[in-house]
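Spelled out from the first residue to the last, the chains are:
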Amino acid sequence: METVFTRIRDKQIPACWIYEDDQCFVILDHNPIVKGHCLVISKDPTPTLAETPDARLAHMILVAKKVDAKLRACLNCDATNIVINNGPAAGQEVPHLHIHVIPRYQSSSLAISFTHEPYKPGEMADLEGRLKL
Ligand code: AMP
């Protein structure tokens, strides 16, 4: 399936490239949450984690680790958010697996926050049983 990222991969549309190998590539997100926000993108356009071979996932997280180190060294950020929006209901806009690596600064007031959904009595223990891997 063609996505905006396959078009970038195939150099049909421009992007700011940080890294490329046989399995993935890294570009700057053009609408960054924080400047330097990078995307580690699978070359093969599997939509989510479930369709992606384990070896490629493992490789991509190691590339994300390198991006994290580079952002810390180059931009002097204090931390990063490493995020995968894994399906449309999770906010994934491009159905082509990618890892966001977002630089974060101690001094920043930016909040990337979720609301919380408290358990009813017994619900958490029930889920513990149902979710055992
Ligand atoms: P997601 O919501 O996880 O699918 O994130 C998709 C990300 O891709 C968003 O943060 C977009 O800003 C980014 N994006 C979409 N098109 C481009 C593009 N042509 N170049 C760089 N980043 C892009």
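Residues numbered from 1 in each chain as written. Predicted model: local features only at pLDDT ≥ 70, side-chain atom pairs only at ≥ 80, totals over all residues. Heavy atoms only, no water.

Q: Can you tell me about the side chain of Thr-48, naming the residues and giving the values?
A: Take Thr-48: it is sitting in the loop between strand S3 (38-42) and helix H2 (54-75). Beyond its immediate sequence surroundings of up to four residues, Thr-48 is in contact with Asn-86, Gly-87, Gln-92 and Leu-97. (Helix = DSSP H or I, 4+ residues; strand = E, 2+ residues; numbered from the N terminus. Contact = heavy atoms within 4.5 Å.)

Q: Report on H2, specifying residues and quantitative values.
A: In a regular helix each residue adds 1.5 Å, so 22 residues correspond to 32 Å; H2 covers 31 Å between its end C-alpha atoms and thus fits that length. Every buried residue of H2 is listed here: Arg-56, Met-60, Val-63, Ala-64, Val-67, Asp-68 and Leu-71. Relative to the axis of H2, the buried residues are bounded by an arc of 160° and lie together on one face. Facing away from the buried side of H2 by over 90 degrees, the exposed positions are Asp-54, Ala-55, Leu-62, Lys-65, Lys-66 and Ala-73. In this structure, the buried side of H2 is in contact with strand S1 (17-20), strand S2 (24-28), S3, strand S4 (79-83) and strand S5 (98-104). (Expected span 1.5 Å × (residues − 1). Buried < 20%, exposed > 50% of the residue type's maximum accessible area, 1.4 Å probe, protein only. Arc of directions from axis to C-beta.)

Q: Could you give me a rundown of the environment of Ile-84, with the residues and numbers involved?
A: Structurally, Ile-84 can be placed in the loop between S4 and S5. Residue Ile-84 is classed as partly exposed on the basis of its relative accessible area of 31%. Ile-84 sits 17 residues away from Val-101 along the chain, and the two C-alpha atoms are 9.2 Å apart. Among residues more than four places away in sequence, those in contact with Ile-84 are Leu-49, Leu-97, His-98 and Ile-99.

Keep in mind these numbers describe shape, not what the thing actually does.
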